[in-house]
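The chain contents come next:
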Amino acid sequence: TGPGTSTTYTAAELGIAGVNPATTVTVAYGTHGELTITDNYLWGSILDALINTSNTTNVTINNIVNATVHVGDGNNSITINDAMRGQVVAGSGDNTISVTAESNAPSNNLMGITVADGDNTIAFSGGWNAMVSVKTGAGTNQVTFQGQAIASVLFGSGNDTLIDRTTGPVTATGGGGSNLYEFALGAHATINNFNPAHDTIALLGAASGSATVVASGGSTTIDWADGSTLQLVGVTATAAALHILYG
């Protein structure tokens, strides 16, 4: 295979023990450094895919249980569809990473995403048994969680944005910048290292002034519509001391 080609391999050609004979995998190379690997058979028929490259800038893995992608520096685009677990590691640059999770079990479901310095855009979507752990470097990063996933993010220095659209528990740890934390209705979140002096909270879909802010035990809890709740660990603040946006 080479640039601009697409090859489909049969189970016999793959030579992987235990693979259903009906399984086929397509490997496609674009003309500008793109690489796509797709399991064309039932989900779970191929368990593992590993891409380790410093040359490919656009990587896609479809319908494979354990998806692992390591790329070097540059403006990489990484898309993983229907993975149960795996790992994404990207070097310095403005990376765009999108992961949609799939699972048939309540455990062994963690996707780890680590990016070096740069302005990265990361999105993860999954059901109640999907888990993701994100770590960013310095730069302006945007991280979005959707669905019912259990998620965490550790931001580096820089002005970062968290968009929490999952109803699962989310833990965020801020870096040294001015961060924006956006929460949709149904959020259940915790923020570590929140700084009221320069960080902002946005409560999406909430009426102006509708949040209840209570400081207790060295932390502050914010409750609003539909059972949504946010805890600011190590911060004792009144509503007036917090920069809260509504709408």
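Before reading on, note that the structure itself is shown above.
A brief look at the structure comes next. (Residues numbered from 1 in each chain as written. Predicted model: local features only at pLDDT ≥ 70, side-chain atom pairs only at ≥ 80, totals over all residues. Heavy atoms only, no water.)

### Some thoughts on the sheet that holds strand β16 (residues 169-173)
Here is step 1: One open sheet holds the 11 strands; their spatial order is β4-β6-β8-β10-β12-β14-β16-β18-β22-β21-β20, and the pairing between them is mixed. Sheet topology places β4 (48-53) and β20 (212-216) at the edges, where each strand pairs with a single neighbour. Strand-to-strand, the axes of this sheet are offset by a mean angle of 10°, without reference to chain direction.
Here is step 2: Both strand β14 (residues 150-154) and β16 contribute to a ladder of four bridges, which runs parallel. Residue pairing in the sheet places Val 153 in a bridge with Ala 172 of β16. (Pairing = 2+ DSSP bridges. Helix = DSSP H or I, 4+ residues; strand = E, 2+ residues; numbered from the N terminus. Axes fitted to C-alpha atoms, helices over the stretch in contact; angles between N-to-C directions.)

### Let's talk about the pairing of strand β7 (residues 77-83)
Here is step 1: Taken together, the five bridges between strand β5 (residues 58-62) and β7 define a ladder with parallel strand orientation. Bridging from a neighbouring strand, Asn 58 pairs with Ser 77 of β7.
Here is step 2: Pairing of β7 with strand β9 (residues 96-101), which is carried by six bridges, proceeds in the parallel orientation. Counterpart to Thr 79 in the pairing with β9 is Ser 98.

### Quick notes on the nonpolar core
Here is step 1: Within the largest apolar cluster, 58 residues are counted, with the highest numbers of intra-cluster contacts made by Phe 145, Phe 183 and Ile 222.
Here is step 2: Other than its neighbours up to four places away in sequence, Phe 183 contacts Leu 162, Asp 164, Ala 189, Ile 191, Ile 201, Ala 202, Leu 203, Leu 204, Trp 224 and Leu 230. (Core = buried A, V, L, I, M, F, W, Y, C linked by side-chain atoms within 4.5 Å. Buried < 20%, exposed > 50% of the residue type's maximum accessible area, 1.4 Å probe, protein only. Contact = heavy atoms within 4.5 Å.)

### Concerning the sheet that holds β5
Here is step 1: In space, the 12 strands of this open sheet follow the order β1-β2-β3-β5-β7-β9-β11-β13-β15-β17-β19-β23, with mixed pairing throughout. A single partner strand is all that each edge strand has here, and the edge strands are β1 (5-10) and β23 (244-246). The mean angle between the axes of side-by-side strands here comes to 10°, regardless of whether they run parallel or antiparallel.
Here is step 2: With five bridges joining them, strand β3 (residues 34-39) and β5 adopt parallel strand pairing. Bridge pairing in β5 links Leu 35 to Val 59.

### Looking at unusual backbone geometry
Here is step 1: One non-glycine residue, Asp 82, adopts positive backbone phi at about 65°.
Here is step 2: Turning to its location among the elements, Asp 82 is positioned in strand β7.
Here is step 3: The exposure class of Asp 82 is partly exposed, given its relative accessible area of 27%.
Here is step 4: One non-glycine residue with positive phi stands out, namely Asn 193, at about 65°.
Here is step 5: Locating Asn 193 in the fold gives a position in the loop between β18 (188-192) and β19 (200-203).

Read these as geometric descriptors, not functional statements.
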